[in-house]
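Given next are the chains, with one letter for each unit.
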Amino acid sequence: MITEFLILMMCSIIASLTTYELNIRFKQGPVRASAMIAMIVGGFFYFFPTILPEFYTKNIPLYVIGGTFIGMVSSTISISYFSLVFSPILFAVLLHYTSKVFNGYGGALGTTACISLMCTMAFPIITKNKKVTYGYRLIRIIFKKRKRNRIIKRKV
C-alpha cells in the first residue's frame, strides 16, 4: 500500500516539474503544458489499459493531472523547486484522504492542487517575522520608486 502511494506521489511530482519546465523554459504557456502532459498520460492509459495493474491505470492519470495543475503556476511568481516538489507531495496526501469528499475530476483535483500550492507558497510568510501585508508594502515601495524615477527623468 505504501509503495503504491509513493509511486502515485512520484508521478505527481514528475508531472508538476515537467509542466513547470514546459511552461517557463520552453514558453508553451500553462494551459498548453498541462494539456500536453494530461493528453499523453491519459491517452497512454486509455489505449493500453492492461499494461499496468488496474489500480495504477485508474489512479496515475488523476495524480498526474493534479500535478500538472500545480505546475501551471504563473511565470511572474518566483517559486522554488522545493515548492514544486513539496506541493505535489502535499497534494497526493490531501487527494488520498479527501477524494471521497469531492465529486468529479475538477472538484477534487483542482481544489486539492490549489490548497496544496497555496499552503506551500505561504511557508515563507509564516516562517519569517513579517506581517501578512508584506506583499502590499512591497508593491507600495515599488510604486514609490517608479514615481521617483519619473520625477528625476522630468527634471533632467
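Please read all numbers here as calculations on a predicted model, not as lab measurements.

Ranked by internal contacts, the top residues of the largest apolar core, which has 27 residues, are I60, Y63, V64 and F91. Every element with two or more residues in this core is listed here: α1 (2-24), α2 (30-47), α3 (54-71), α4 (81-98) and α5 (105-127). Counting residues per element, this core draws most heavily on α1, at 8 residues. For Y63, the residues in contact, after removing those within four places along its chain, are F5, L8, S12, F91, A92, L95 and H96.

With that settled, the discussion passes to the confidence of the model for the chain. The predicted model of the chain averages 82 in pLDDT, with 79% of residues at 70 or higher. Element-level mean pLDDT values for the chain span from 54 in helix α6 (residues 134-155) up to 94 in α2. Low confidence marks residues 133-137, where pLDDT is under 50. Its contacts with residues over four positions away, or in another chain, come to 1 contact.

Assignment of secondary structure puts C119 in helix α5. Sequence separation between C119 and L90 is 29 residues; the distance between their C-alpha atoms is 8.9 Å.

This brings us to the pattern of salt bridges. Counted by the stated rule, this structure contains 2 salt bridges. Among the salt bridges present, the one from E21 reaches R25, with a minimum N-O distance of 3.1 Å. Taking relative accessible area as the criterion, E21 reaches 19% and is therefore assigned buried. Since its relative accessible area comes to 57%, R25 is described here as exposed. Notably, a salt bridge pairs E54 with K58, separated by 3.0 Å at the nearest N-O pair.

Turning our attention to the packing of α1 against α2. Pairs of packed helices are described in terms of their axes, by the angle between the two and the distance that separates them. Two numbers describe how α1 lies on α2: the axes approach to 8 Å, and their chain directions differ by 140 degrees. As the angle between them shows, α1 and α2 are arranged oblique. Two packed elements cross with a definite hand, and for α1 against α2 that hand is right-handed. Across the interface between the two elements, A15, T18, T19, L22 and N23 of α1 pack against P30, A33, S34, M36 and I37 of α2. Looking at the contact of α1 with α2, its residues break down into 6 nonpolar, 4 polar and no charged.

Conventions used here
- Residues numbered from 1 in each chain as written.
- Predicted model: local features only at pLDDT ≥ 70, side-chain atom pairs only at ≥ 80, totals over all residues.
- Heavy atoms only, no water.
- Core = buried A, V, L, I, M, F, W, Y, C linked by side-chain atoms within 4.5 Å.
- Buried < 20%, exposed > 50% of the residue type's maximum accessible area, 1.4 Å probe, protein only.
- Helix = DSSP H or I, 4+ residues; strand = E, 2+ residues; numbered from the N terminus.
- Contact = heavy atoms within 4.5 Å.
- pLDDT = per-residue confidence, 0-100.
- Salt bridge = Lys/Arg side-chain N within 4 Å of Asp/Glu carboxyl O.
- Axes fitted to C-alpha atoms, helices over the stretch in contact; angles between N-to-C directions.
- Parallel < 35°, antiparallel > 145°, perpendicular 65-115°, else oblique.
- Left-handed = near helix turned anticlockwise from the far one by under 90°.
- Nonpolar A, V, L, I, M, F, W, Y, C, P; charged D, E, K, R; others polar.

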